[in-house]
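Observations on the model geometry
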Protein chains: 4
Amino acid sequence: MKALVYRAPEQIEVAEVPKPRIEKPTDAIVRVTTAAICGSDLHIYHGALFGAEGLILGHEFAGVVEEIGSAVEGFTIGQRVFVEAGLRCLVCEACKRQLPLCPNGGIFGTATPWGTLQGGQAEFVRVPFAQRIMHPIADHLADEDVILLTDNMVTGYCAAEWGNIQPGDTVVVYGCGVVGLCAQVAARLFGAGRIFAVDRLPYRLEMAKKVGSIPIDASSEDPPTRVRQETGLFGAPVVIEAVGARATLEMAFQSVRPGGTVSVVGVFTEDATLPMTMFSLFNVTIRTGLATGQCLPRLLAMVENGELDLKFVFSHSLPLSEGARAYRLFDKREEEALKVLLKP
Amino acid sequence: MKALVYRAPEQIEVAEVPKPRIEKPTDAIVRVTTAAICGSDLHIYHGALFGAEGLILGHEFAGVVEEIGSAVEGFTIGQRVFVEAGLRCLVCEACKRQLPLCPNGGIFGTATPWGTLQGGQAEFVRVPFAQRIMHPIADHLADEDVILLTDNMVTGYCAAEWGNIQPGDTVVVYGCGVVGLCAQVAARLFGAGRIFAVDRLPYRLEMAKKVGSIPIDASSEDPPTRVRQETGLFGAPVVIEAVGARATLEMAFQSVRPGGTVSVVGVFTEDATLPMTMFSLFNVTIRTGLATGQCLPRLLAMVENGELDLKFVFSHSLPLSEGARAYRLFDKREEEALKVLLKP
Amino acid sequence: MKALVYRAPEQIEVAEVPKPRIEKPTDAIVRVTTAAICGSDLHIYHGALFGAEGLILGHEFAGVVEEIGSAVEGFTIGQRVFVEAGLRCLVCEACKRQLPLCPNGGIFGTATPWGTLQGGQAEFVRVPFAQRIMHPIADHLADEDVILLTDNMVTGYCAAEWGNIQPGDTVVVYGCGVVGLCAQVAARLFGAGRIFAVDRLPYRLEMAKKVGSIPIDASSEDPPTRVRQETGLFGAPVVIEAVGARATLEMAFQSVRPGGTVSVVGVFTEDATLPMTMFSLFNVTIRTGLATGQCLPRLLAMVENGELDLKFVFSHSLPLSEGARAYRLFDKREEEALKVLLKP
Amino acid sequence: MKALVYRAPEQIEVAEVPKPRIEKPTDAIVRVTTAAICGSDLHIYHGALFGAEGLILGHEFAGVVEEIGSAVEGFTIGQRVFVEAGLRCLVCEACKRQLPLCPNGGIFGTATPWGTLQGGQAEFVRVPFAQRIMHPIADHLADEDVILLTDNMVTGYCAAEWGNIQPGDTVVVYGCGVVGLCAQVAARLFGAGRIFAVDRLPYRLEMAKKVGSIPIDASSEDPPTRVRQETGLFGAPVVIEAVGARATLEMAFQSVRPGGTVSVVGVFTEDATLPMTMFSLFNVTIRTGLATGQCLPRLLAMVENGELDLKFVFSHSLPLSEGARAYRLFDKREEEALKVLLKP
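Residues numbered from 1 in each chain as written. Chains lettered and ligands numbered in written order. Predicted model: local features only at pLDDT ≥ 70, side-chain atom pairs only at ≥ 80, totals over all residues. Heavy atoms only, no water.

Counting secondary structure elements, chain A contains 12 helices and 20 strands. Relative to the globule expectation of 20 Å for 344 residues, the C-alpha radius of gyration of chain A, 20 Å, shows essentially globular dimensions. Considered along the principal axes of its C-alpha atoms, chain A spans approximately 60 × 40 × 40 Å. In chain A, which comprises 344 residues, the proportion classed as buried is 60%. Excluding contacts between residues fewer than 6 apart, the proportion of contacts in chain A whose partners are at least 24 apart in sequence is 66%. On chain A, the mean spot of the 31 positive side-chain charges and the mean spot of the 39 negative ones are 3 Å from each other. (Helix = DSSP H or I, 4+ residues; strand = E, 2+ residues; numbered from the N terminus. Rg over C-alpha atoms; globule rule 2.2 N^0.38 Å. Buried < 20%, exposed > 50% of the residue type's maximum accessible area, 1.4 Å probe, protein only. Contact = heavy atoms within 4.5 Å. Lys, Arg positive; Asp, Glu negative; His and termini not counted. Charge placed at Lys NZ, Arg CZ, Asp CG, Glu CD.)

Have a look at this one:
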């Protein structure tokens, strides 16, 4: 089959690789109809993941059930599904204690010391623990309606939930990429009052306006200064970092009010300074980490009954064969790229 | 009256100053019978507080009601009381929104841009909002039974509460000063399993053992390494920083398990590095700040009915006239100093 | 001065009574410009309160500061204010332990074994602890903009908050009186999905539709049956009782799904049956009680910046001299009465 | 094989029945070495469960893995295990939304409209979803060390957790059966101060004293009256009902203080009166339901490292062949029966 394979930093290619097969009775094989590129894929693309050579990329995908293991109940061949980006076995010691680092789990399209889990930017993908992480797509929905539920919207929802938003709260979101936009949409779901959205790219700030946020252009003003002006000098009760960079996180810390929360969902490749001289007097809560999927059924129900429409984020839809170009334009933010889809 | 006054870095003296008087109907005057030196007093002692010249030090004290404003009900002249270290007006815009930085509030023995609130290491002290922050001392209790409720034990309790300790949880406490020891006692109240207590001073580690903690001597082993060995390599679910130093906070970050909480109650004069490359994958919660006093009635009830005895921490009791010596030995940790009392 | 005085069940009259005066330095006197009748006033009107003879009614009012005690800071004579319906001293043993039954507190227009607190359906009213419970009215707002913040909207907000509403949740509200309508508005603030509103009066169901709820007419269908049909037979995750009657509470219990919450803010004069044969298997949380005022600054900010407009509930505005007629039409629900104002 | 089978109310017998076999790849077969009788088994014994004729009783058991389905990983034939009393599929619509009533789940030894799940008071038992609900028993532990973790101690822990116990809180537990005693032990783990334990049987009150509770003999004094005397008339902040009877629940309601919580873990066959005339003014939270198993790994760790020893509750250990007698003496509370074990 065809798959998008990582070779070396910024070198990826569509290659012919063996089609995956059922390895355990809890597996399924899915024929991918739509995959998407995530900001965290770019970390691998740039060479940040040790041992990634030969890896099939991608953890956001939807498709059709091709084959089912003997222990997977409730699914039929040919059924349309989307798949959660990550998986946990639920039965190992780590999972029983609700810790990450499940040795039987992982994220599609990544490699860890425990093993490699091939990704979904391919014609087919093997899905372990399929019964748990595959979700049927209702007939009236397209792949595009649900593909953000594999990762980005779940992450945006966690960002808002961790922020402990109360009705009317001012919320500041650093980053107007897809996760940042999803966090803004989610903040609204939690009853936020004003939402300030920070970015440097005009087309992304334009998107933020479309979802009802007030844009702050970091290329022309200092975001923390603006936030303090808008909030009686105290800062905002909830600040979300959805970029994954030292500079934006440090601005987030300068934007939160005493007693407030900074919710960090960006994935980082650098550390940051924690302003303890300020925070040891200011009662701040910081929450970090990867999204957990408890909110997925709730979000899926909202999509199914028309209360949540996220399709505005798709800027490009390209054939899988153009995967290398897709990564390049997403990475360089060319052509006003926001969310880029790949169609195998 | 006599009072312990700050002159310059490491220069303090007992001086004759005017006796305070009622300024507002909500004030009271307290004749101090016991005051205590807090670790955060040392920041002022070392010159960290701008504009402190002439300040009467001290925010931990107990005494006898000397005079009462016309709007203070329920107290009588001669009644024994202890007083909370800090106060808030409850009615300004900041207080109504439950933010710090109340312009009418403050901490005894500190100066802010809004004004100075003279401290209690003196013969007398003016207590604003007296009805709210003065607490009667039961007849069967000594000043020593309750003086830690002015600050240190309240802080230790907050440290444990912010950690979200669940029964059986392993807890690591960085620091075996009085706040660190109080945090260890409080962690036990919340049902902690093993409590590891980190310090470098043998006599303080000895105290930690007395309250049931397992000592880790940071001068002879690496605390995060030891914590990981003891916790199946994951780290501890709850880590408390009760020192207020960059080095210990960074060790705290290395000691917490994924999904865990770092509770920071030390007061800092330096910033620290937040290991986002690790924490952006590890779902950690960090909580910082000054203690809030909601737990005080609960702690006082435990002291009153004999369930909580904190008197083991007092190492020295000196006359107020020896205040300068008291600060010096507490600062230098001479004579196995732990909690030092001053008797006006 | 003139005041609306309770004499006997369903016998109230506007009478000449002594004008109140400052009794303590923490008091203020307010000249009432607008008062409102609350559903709980009707309990007194019907004779449910022992010892109410001679009581001035009313706990919802706004007005102008007429006189200020010596310990009340930050207010000026002539300033427009509204006043919280209830008060607590914050310093007695009950308040320090955050219990109700403060012997120095109470609710305006009620009598308790500890004493009587005269109400605000009068030309003037004495306001104890004035600094804490009086709130300035911004110049651009009318009394009508804020008078629901004295009680009804605070209660509606608590009803929604206690329900632990998560984004997209289906919410059922029993009762479309003012508190029920406020609870529906509040549920929307917390991100509710569909909101079902139950009542028997067509004009109240019409109001529920205006705030975006789906009406259920209890006179023509069985509400729990309808709720189960709409929720896949499980019932709703959040059910609010805003009536205060046995029949509606028991329907609320039949409408909640396993794992859900029933939030009860109605004031009851009869007990109800708790269906333990069902609930002991179904993991339900029930919350009851009177609203607490923590949300008030948040709600006031939303009103001030135009995010919350509750004026649609006012059906009548009558002079205080017609107080008896006002109670009668509110009690009998004549003339499509919803919220009735009295203007002294 | 031999199994204890329900025939009719109070008629049970040890009968020869077919040995169970693997039906799905996720099943295991366990050879039972120890089973226990639970208070809720008595409901079935008395005929409360429709369609129970022919049912093998029992949901508390430990044993040895006899056979393993092809999708069950991490267990070996001959391994010692205990099994959670109930199970959920985790993948149906109910489970994905975290609702009870999973059509693929159930409780061992019960029958529902969806089907029957044979129990463990037998020589062998089929365990569905074995990988999720079977737990290895450490070599240094006996069956008796862990068998309460199948149900009773998990229930007692939930009772305490739902009560939201804060350090020093007075807790009242209605019932000194095994669940009541477990709740008392758990309340201590959460930092409770005084724990009052209510029962009518002297030997059970004696057991309560052994775990550090203060006994209240309901046959000689009125428990709510006593509780109010002990708590300054306010009542207790946390009250646990561990009996499952109308009378004790109504006493529990009279024992809780305003602002407190009543946690109900008894299984009921009758409804009760909810005192809304009191509770609508008193801000009470009531929580009901069946225990959820999240605390199990935490409790197991405490048992494994010697911090939790529950073996004091075992009053009888009888061969399975004497099952009928065992039920009778447990039901009649003869011979000071507390927890009765059956050994196949």
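Residue and element names in this part refer to chain A. Taken as a whole, chain A is organised into domain 1 (2-151 + 293-343) and domain 2 (153-288). Put simply, the middle of domain 1 and the middle of domain 2, counted by C-alpha atoms, are 27 Å apart. Summed over both sides, the interface of domain 1 with domain 2 buries roughly 1,800 Å², with 76% coming from carbon and sulfur. Taken as a group, F312, R333 and L338 account for 29% of the area that domain 1 buries against domain 2, more than any other trio of residues on that side. (Domains from an automatic or database assignment. Buried area = accessible area lost by both parts, 1.4 Å probe.)

The interface of chain C with chain D comprises 37 residues on the first partner and 37 residues on the second. A buried area of about 3,200 Å², summed over both sides, lies between chain C and chain D, and 64% of it is on carbon and sulfur atoms. Three residues, L99, M276 and T288 of chain C, lead the burial of chain C against chain D; their summed loss comes to 17% of the area buried on that side. Scanning the region where chain C abuts chain D turns up 0 salt bridges. The tally of links between chain C and chain D comes to 15 residue pairs in polar contact (both at pLDDT 80 or more). Every element with two or more residues in the side of chain C that touches chain D is listed here: α9 (246-255), β16 (256-264), β17 (272-274), α10 (276-282) and β18 (285-288) of chain C. With 6 residues, the single largest contributor to the side of chain C that touches chain D is α10 of chain C. Here the side of chain C that touches chain D is built from residues that sort into 22 nonpolar, 10 polar and 5 charged. With 3 bridges joining them, β17 of chain C and strand β17 (residues 272-274) of chain D adopt antiparallel strand pairing. Within β17 of chain D, the position partnered with A272 of chain C by the bridge is L274 of chain D. (Salt bridge = Lys/Arg side-chain N within 4 Å of Asp/Glu carboxyl O. Polar contact = N/O pair within 3.5 Å; in protein donor to acceptor, adjacent residues only side chain to side chain. Nonpolar A, V, L, I, M, F, W, Y, C, P; charged D, E, K, R; others polar. Pairing = 2+ DSSP bridges.)

The next thing to look at is the pattern of salt bridges. Evaluated as defined, the whole model comprises 72 salt bridges over all chains. E335 of chain C is paired through a salt bridge with R325 of chain C; the nearest N and O atoms lie 3.6 Å apart. Here the residue E335 of chain C occupies a position in the loop between α12 (323-332) and β20 (339-343), and R325 of chain C occupies one in helix α12, the gap between them amounting to 10 residues. In this structure E335 of chain C comes out as exposed when scored by relative accessible area, which is 51%. Residue class for R325 of chain C comes out partly exposed when judged on its relative accessible area of 32%. Salt bridges sharing common partners tie together R194, E221, R226 and E230 of chain A.

Moving on to the sheet that holds strand β15 (residues 236-241) of chain A. A sheet is described by the order of its strands in space; here 12 strands give the open sequence β14(A)-β13(A)-β12(A)-β15(A)-β16(A)-β18(A)-β18(B)-β16(B)-β15(B)-β12(B)-β13(B)-β14(B), paired in mixed fashion. Since the sheet does not close on itself, it has two edges, and those belong to β14 (214-217) of chain A together with β14 (214-217) of chain B, each with one partner. Here the average twist between neighbouring strands, direction ignored, is 15°. Relative to strand β18 (residues 285-288) of chain B, strand β18 (residues 285-288) of chain A runs antiparallel, the two being bridged by 3 bridges. Looking across to β18 of chain B, one finds that R287 of chain A is bridged to T285 of chain B. Across the sheet, helix α9 (residues 246-255) of chain B touches β12 (171-174), β15 (236-241), β16 (256-264) and β18 of chain B, and the angle it forms with β16 of chain B is around 150°. (Axes fitted to C-alpha atoms, helices over the stretch in contact; angles between N-to-C directions.)

This paragraph deals with the relation of the copies chain C and chain D. With an RMSD of 0.0 Å, the operation that places chain C on chain D is a rotation of 180° combined with a shift of 0.0 Å along the axis. Such a combination of turn and shift is consistent with a two-fold rotation axis. The overlap is high: 100% of the interface residues of chain C also sit at the interface in chain D, so the same surface is used on both sides. (Least-squares fit on C-alpha atoms with pLDDT ≥ 70 in both.)

With that settled, the discussion passes to the relation of the copies chain C and chain A. Rotating chain C by 180° and moving it 0.0 Å along the rotation axis overlays it on chain A with an RMSD of 0.0 Å. The share of interface residues of chain C whose copies in chain A are also at the interface is 100%, consistent with both copies meeting through the same surface.

Turning next to the interface of chain C and chain A. Taken together, the contact pairs 13 residues of chain C with 13 residues of chain A. Taken together, the two surfaces of chain C and chain A that pack against each other cover about 980 Å², and 48% of this comes from carbon and sulfur. The interface formed by chain C and chain A includes 2 salt bridges. Linking D169 of chain C and R298 of chain A is a salt bridge whose minimum nitrogen-to-oxygen distance equals 2.8 Å. The tally of links from chain C across to chain A stands at 4 residue pairs in polar contact (both at pLDDT 80 or more). Looking at the side of chain C that touches chain A, the elements that each hand over two or more residues are α5 (152-162) and α11 (296-304) of chain C. Residues of the side of chain C that touches chain A, tallied by class, amount to 5 nonpolar, 4 polar and 4 charged.

Here we come to the packing of aromatic side chains. Throughout the structure, instances matching the rule amount to 16 aromatic pairs over all chains. Seen in terms of ring centroids, F61 of chain C and F108 of chain C are 5.2 Å apart; in terms of plane orientation they differ by 85°. Their pairing is edge-to-face. Here F108 of chain C lies in the loop between β7 (106-107) and β8 (110-112) and F61 of chain C lies in strand β4 (residues 60-68), a separation of 47 residues in the sequence. The burial state of F61 of chain C is the same as that of F108 of chain C; both residues are buried. Between the NZ or CZ atom of K19 of chain A and the centre of the ring of F124 of chain A, over which it lies, the distance is 4.3 Å. (Phe/Tyr/Trp six-rings, centres within 6.5 Å; stacked < 30°, edge-to-face > 60°. Lys NZ or Arg CZ within 6 Å of the ring centre and 35° of its normal.)

Mapped onto the elements, T285 of chain D comes out in strand β18 (residues 285-288). T285 of chain D has contacts with T285, I286 and R287 of chain C together with G260, T261 and V262 of chain D, leaving out every residue within four places of it along the chain.

Turning next to the side chain of T231 of chain A. Tracing the backbone shows T231 of chain A in the loop between α8 (223-230) and β15. Apart from residues lying up to four places away in sequence, T231 of chain A is in contact with T170, R194 and A236 of chain A.

This part covers the sheet that holds β16 of chain C. In spatial order, the strands read β14(C)-β13(C)-β12(C)-β15(C)-β16(C)-β18(C)-β18(D)-β16(D)-β15(D)-β12(D)-β13(D)-β14(D); together these 12 strands make up an open sheet with mixed pairing. Looking at the sheet topology across the chains shown, the edges are occupied by β14 (214-217) of chain C together with β14 (214-217) of chain D. Taken pair by pair, the neighbouring strands of this sheet meet at an average axis angle of 15°, ignoring direction. Sheet strands in contact with helix α8 (residues 223-230) of chain C are β12 (171-174), β13 (195-199), β14, β15 (236-241) and β16 of chain C, and its direction is about 140° off that of β14 of chain C. Lying on the sheet, helix α8 (residues 223-230) of chain D is in contact with β12 (171-174), β13 (195-199), β14, β15 (236-241) and β16 (256-264) of chain D; it crosses β14 of chain D at an angle near 140°.

Take the pairing of strand β4 (residues 60-68) of chain B next. Two faces, one strand: in a regular strand the side chains alternate between the faces of the sheet. All names here are of chain B. Relative to β4, strand β3 (residues 28-36) is paired through 8 bridges, and the arrangement is antiparallel. If you follow A28 over to β4, its bridge partner there is I68. In this structure, β4 lies alongside strand β5 (residues 80-83), joined through 4 bridges in antiparallel fashion. Of the residues in β5, the one forming a bridge with V64 is R80.

What follows covers the packing of helix α5 (residues 152-162) of chain A against helix α11 (residues 296-304) of chain A. Residues and elements named next belong to chain A. Orientation of α5 relative to α11, taken along the N-to-C sense of each, is 115°, at an axis distance of 10 Å. Put simply, α5 runs roughly perpendicular to α11. The way α5 lies across α11 gives a crossing that is right-handed. Where α5 abuts α11, its residues M153, V154 and Y157 lie against L296, R298 and L299. Residue classes in the contact of α5 with α11 are distributed as 5 nonpolar, no polar and 1 charged. (Parallel < 35°, antiparallel > 145°, perpendicular 65-115°, else oblique. Left-handed = near helix turned anticlockwise from the far one by under 90°.)

Phi at L233 of chain B takes a positive value of approximately 75°, unusual for a residue other than glycine. With respect to the helices and strands, L233 of chain B occurs in the loop between α8 (223-230) and β15.

Moving on: α12 of chain C. Residues and elements named next belong to chain C. Of the positions making up α12, those classed as buried are G323, A326, Y327, L329, F330 and D331. Each element contacted by the buried residues of α12 is listed here: β1 (2-8), β2 (11-16), α1 (39-45), β19 (314-319) and β20. Positioned one or two residues after α12, R333 has a phi angle of 55°, which is positive.

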